[in-house]
Amino acid sequence: MITPNKVVPLSASVLGHLVQVMKAGPDSISVLDLFRQVGDKFEGIDQFLVALDVLYILDRISIDFTTQRIVYAA
């Protein structure tokens, strides 16, 4: 689930998992290395990718497609 509700607590939602991705910063990291580092905190790769999408939309991360690395916002 993306957002918490009566059945899904914040810790089980994608919004609750954003913290795990942000803790991996502030140094740039490849997407694969980031998933290896925090992937066990997610139910699957799809939930991990949704978390990256949300952080990208919130302008907390950017992705350098030439180096395939995630760069954290300052």
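Higher on the page you've got the structure.
Residues numbered from 1 in each chain as written. Predicted model: local features only at pLDDT ≥ 70, side-chain atom pairs only at ≥ 80, totals over all residues. Heavy atoms only, no water.

1. Overview of the environment of Lys-41
Filter applied, for reference: Starting at the N terminus, helices and strands are each numbered in turn, a helix being any DSSP run of H or I of at least four residues and a strand any DSSP run of E of at least two. Two residues form a contact once any of their heavy atoms are found within 4.5 Å.
Relative to the helices and strands, Lys-41 is located in the loop between helix 2 (31-38) and helix 3 (45-57). As for Lys-41 and Ala-12, which are separated by 29 residues in sequence, their C-alpha atoms are 9.8 Å apart. Once you skip the residues sitting within four places of it in the chain, Lys-41 turns out to touch His-17 and Gln-20.

2. Thoughts on the sheet that holds strand 2 (residues 61-64)
Rules: Strand pairing requires that DSSP identify at least two bridges connecting the strands. Note on geometry: axes are C-alpha line fits, over the in-contact stretch for helices, and angles between N-to-C directions span 0 to 180 degrees.
Read from one edge to the other, the open sheet built from 3 strands follows the order 1-3-2, with strand pairing classed as antiparallel. Each edge of the sheet is formed by a strand with only one pairing partner; in this case those strands are strand 1 (29-30) and strand 2. Across 4 bridges, the pairing between strand 2 and strand 3 (residues 69-72) is antiparallel. Within strand 3, the position partnered with Ile-61 by the bridge is Tyr-72. Lying on the sheet, helix 3 is in contact with strand 2 and strand 3; it crosses strand 2 at an angle near 105°.

Purely geometric stuff here, so don't read any function into it on its own.
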